[in-house]
Structure formats: C-alpha cells, structure tokens
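Fold and geometry: a report
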There are 2 protein chains.
Amino acid sequence: MSEFEKVEYKPKPVREILLEMKNLSGLMIDLAYSAALFNDKDLAEEVLELEKKVDTLAYLLDMTIMIAARDAEDAEALAGVAKVAGATDKISDAAADIAVIVKQNIGIHPIVTEIFEKVEEHIARAIVGEKSVMTGKKIGKLNLTGRIGVDIIAIRRGGDWIVNPSNDEKILSGDILIARGTRLGISKFREIAEGKIRRIVGVKEDAAG
Amino acid sequence: MSEFEKVEYKPKPVREILLEMKNLSGLMIDLAYSAALFNDKDLAEEVLELEKKVDTLAYLLDMTIMIAARDAEDAEALAGVAKVAGATDKISDAAADIAVIVKQNIGIHPIVTEIFEKVEEHIARAIVGEKSVMTGKKIGKLNLTGRIGVDIIAIRRGGDWIVNPSNDEKILSGDILIARGTRLGISKFREIAEGKIRRIVGVKEDAAG
C-alpha cells in the first residue's frame, strides 16, 4: 500500500475494527522483538507493513465512531473505544520504532543476539512458492506442529492479515507466512514453503488440501 | 513499591534485563486489552504494577549500559539495546494508558464489551488463599489446563513477576496468579485459588506438591 493511498470508508462494526487493531498490534510486538533479537530485516519489513494496516484501521475507526455517535449517550459509549484505539496506535508506533532500528543496522549487536539464539523461540517469514507442497492445503492437514514443531501465527495475503489462522485456512501460493518454532524447525519450514523440500513426512505432494 | 523508591544498582547481564522487559511488556499488553474489553479494574491494577517494574528495569538497564561501555566498540554494541529498551518503555506506557482509562471508568462501554464476552478468551487475576488446594503445589501437578481449561500465564510474588511459569513452579499462599481461559473455567479457577472450592477433580487436598 502506498503511503498516500486514500482510506475509503467501509462500514464495519466498531468492535470488529478494535479487535483487529488489538490482534495486529499484539502480532507487531512479537515480530518486532524477534526482528531485534535476531537482526531479521524481513520481519522488520512485516512490522512496518502491519503498522500501515493499524494506521488505516485507526483512521477507519475514527470515521466509524463519528458516524455512529448520534447523541451524548452514543458519544459516551464510544469515547472509551477511541481512547483504547489511541493507545493501540502508540503501541504499534513503538513496535515500528524497533523495526526501523533493525532496518537501519543499528539494532542489537551480534554479541548480544548470539545468546538469544539459544533461549528464545524463533519467528520467521516465508513466502509460499507455486510448487510448494503447502500450496492449496489446509493448515490442519499439514500438521506442522506435530511434524516439525512449527506454528503458523499469521498469514499476509496481499493487504490482508489473518492472525492466528484456523486449521481450516487454506494456504495459497504467494501467501506470506509468519511462523514460530525452534531454529531447526523454522529453517525446515522455510524450505518447505519455498518448495525446496518437496515432501513433508506423511504429506503427499498431490493430496487434496 | 512507592513511586519514590530508590532504584539500587544490582549487576545483571544486559540481555537478561532486556528479555525481562520484553516479557513483562508483552504481558502488559495482554492484560491491558483484557482489562479494557471486560472492564476489569483488578487487571488494570496489575498493569500499573507491571509498568513500575518495567520503569525500574529500564533505569537499571541504563545504569548497566553506562558501566559496561568502556570504549567505542562497546558503545556501538550497546546503543541498539538502549534503543530497543526505549521502545519497550513506550509500549509499557501505552499499556498503562489503557489501564488508567479502565480505572477512571471511562473505558469501553458495556454495550461494546458484551460482545467480547462471547468471542474473546478471558484473563483474570486471583489471589491464592492460605487454605487453597493450590497452596504448596506445583503447577504441573494441578493440571488446570486439562481439568478446567485454564492456563496460568504469570505469577506476581511480592515485587517479583514470573512470566510463563514452568510446570515445576510451586504456588505459594499469597501469590497473585494471572490466568487465561474460558469464562466458566476462569470463574472456577478463582474459587479454587481463593479456597472456596476445596477440591479439583483428581487432586487430593493433602497431596504433596
């Protein structure tokens, strides 16, 4: 999305926008720290993508609140939501600050990150290739948790984010997956997503999703 | 802790302080949103406690960095840590903003929170009573996940916080437990912690922890 793209008003319930902001900003925090602890510029990039999305949602929420509030009672009911949304925007900005530090190469020094490698779970990004065995399959069918100890915590599909996707979510070619797991598991996961490993034990290449 | 308490310098590795700040601020975000979505002033209180702790850690980190940096190379290695810690402090402040909104009764209106009751997991606080069956038992032994679908995500013991406690952690009388689960599970959890329910199916009152 370009920084100057116009945000169009689409009617959506206030609670849904707020929940989406909450989920996305929570994801941003996780990704931002992981980006910082492991000097991962790909993840930093995703954090900045998420910040744009949260900004758009904050703007949409403002508009929705304006339209929804018809009297003092409405305004009272909605003022709290606006305040919480404001704090969410601050959280998202702080996460973006961390991402910018990582992108500018002034992040945490390898001397410090080395130690994190051992204690912290890894989060990483992978882009699903056309020839990946994942393409067209449901997350539950792949059973990555059981097989390689990796969980998909979010999917970016174009401008849309799916946070904590359900087992019924089908993975499409071109999806950007955010996953959490051990270092070894994550490196396997990347190769599977990119189509370099063409077989996950027990998952047939031509099985329907 | 009083707001004016002096922070004493205790030597602790930079990475440990940073990891603790990261874990506590992540917990703050979860608790702050839960406090806002369900108008829970107890949780808001815990968020403000956590903010004090993060502030203290930020101050301790500053001192540690000052002492650790002896030349330009050290300074370069530590500048990134200081920046990430600064962003963490901002995240913690924003979470505290949400908590203050809840405490001032200008939080999200019941009309909006009602809907969250159905879709969102609950987080709640419970204080362990002397006569609780939990007292003196290890978390793993209690198996609250299996029995009532509740996970203990943090323990506050005096001024100390244990985030994501291990199964080997023993629960003590007076502990403040933060738990996540369904509404029904959480309400059972509270009664068990407070000693109102004296028996969890399968856990004997006098079993050793």
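Residues numbered from 1 in each chain as written. Chains lettered and ligands numbered in written order. Predicted model: local features only at pLDDT ≥ 70, side-chain atom pairs only at ≥ 80, totals over all residues.

1. Things to note about the overall build of chain A
- When helices and strands are counted, chain A shows seven helices and four strands.
- In chain A, the order of α-helices and β-strands from amino to carboxyl end is α-α-α-α-β-α-α-β-β-β-α.
- Out of the 209 residues in chain A, the part that is buried amounts to 41%.
- Nonlocal contacts in chain A, meaning residues at least 24 apart in sequence, comprise 79% of its contacts between residues at least 6 apart. (Helix = DSSP H or I, 4+ residues; strand = E, 2+ residues; numbered from the N terminus. Buried ≥ 20, exposed ≤ 12 C-beta atoms within 10 Å, placed from the backbone. Contact = placed C-beta atoms within 7 Å.)

2. Focus on the relation of the copies chain A and chain B
- Once turned by 180° and shifted 0.0 Å along the axis, chain A lies on chain B with an RMSD of 0.0 Å. With respect to symmetry, the two chain copies, as superposed, fit the operation of a two-fold axis. Residue isoleucine 91 of chain A of chain A places its C-alpha closer to the rotation axis than any other residue of that unit, at 2.5 Å.
- Counting the interface residues of chain A, we find that 100% of their copies in chain B are interface residues as well, pointing to one common contact surface. (Least-squares fit on C-alpha atoms with pLDDT ≥ 70 in both.)

3. Topic: the environment of leucine 50 of chain A
Residues and elements named next belong to chain A.
- Looking at the secondary structure, you find leucine 50 in helix 2 (residues 41–68).
- Overall, the presence of 25 C-beta atoms within 10 Å leaves leucine 50 in the buried class.
- Through-space distance from the C-alpha of leucine 50 to that of leucine 27 is 8.6 Å; in sequence the pair is 23 residues apart.
- Sequence-distant contacts of leucine 50, that is, excluding residues within four places in its chain, are made with Leu24, Leu27, Met28 and Trp161.

4. Let's talk about the confidence of the model for chain A
All names here are of chain A.
- On average, residues of chain A score 86 in pLDDT, and 87% of them are at 70 or above.
- Mean pLDDT across the elements of chain A ranges from a minimum in helix 4 (residues 110–119), with 65, to a maximum in strand 2 (residues 150–157), with 96.
- Across residues 202–209 the pLDDT falls below 50, and counting only partners more than four positions away or on other chains, this stretch makes 11 contacts in the model.
- Taken together, the chains of this predicted complex give a pTM of 0.83 and an interface ipTM of 0.80. (pLDDT = per-residue confidence, 0-100.)

5. Describing the sheet that holds strand 2 (residues 150–157) of chain B
Residues and elements named next belong to chain B.
- If you walk across this open sheet you meet the four strands as 1-4-2-3, and the pairing is antiparallel. Both edges of this open sheet fall to strand 1 (122–127) and strand 3 (160–163), since each of them pairs with a single strand only. Taking each pair of neighbouring strands and ignoring which way they run, the sheet shows an average axis angle of 25°.
- Judged from the six bridges that link them, strand 1 and strand 4 (residues 176–181) form a sheet pairing that is antiparallel. Residue pairing for strand 4: histidine 122 is matched across the bridge by glycine 181.
- Running over the sheet, helix 1 (residues 14–37) touches strand 1, strand 2, strand 3 and strand 4 and is turned about 85° from strand 3.
- Helix 2 (residues 41–68) contacts strand 1, strand 2, strand 3 and strand 4 of the sheet and is inclined by roughly 80° relative to strand 1. (Pairing = 2+ DSSP bridges. Axes fitted to C-alpha atoms, helices over the stretch in contact; angles between N-to-C directions.)

6. Brief notes about helix 2 of chain A
Residues and elements named next belong to chain A.
- If you check helix 2, its first and last C-alpha atoms are 40 Å apart, about what 28 residues at 1.5 Å a residue would give, namely 40 Å.
- Within helix 2, burial applies to Leu43, Ala44, Glu46, Val47, Leu50, Glu51, Lys53, Val54, Leu57, Leu60, Leu61 and Thr64.
- In this structure, the buried residues of helix 2 make contact with helix 1 (14–37), helix 3 (72–103), strand 1 (122–127), strand 2, strand 3 (160–163) and strand 4 (176–181). (Expected span 1.5 Å × (residues − 1).)

7. Considerations on the interface of chain A and chain B
- In this complex, chain A contributes 29 residues to the contact, which on the side of chain B involves 29 residues.
- Secondary-structure elements contributing two or more residues to the side of chain A that touches chain B are helix 1, helix 3 and helix 4 of chain A.
- No other element matches helix 3 of chain A, which puts 14 residues into the side of chain A that touches chain B.
- Taken together, the residues that form the side of chain A that touches chain B break down as 19 nonpolar, four polar and six charged. (Nonpolar A, V, L, I, M, F, W, Y, C, P; charged D, E, K, R; others polar.)

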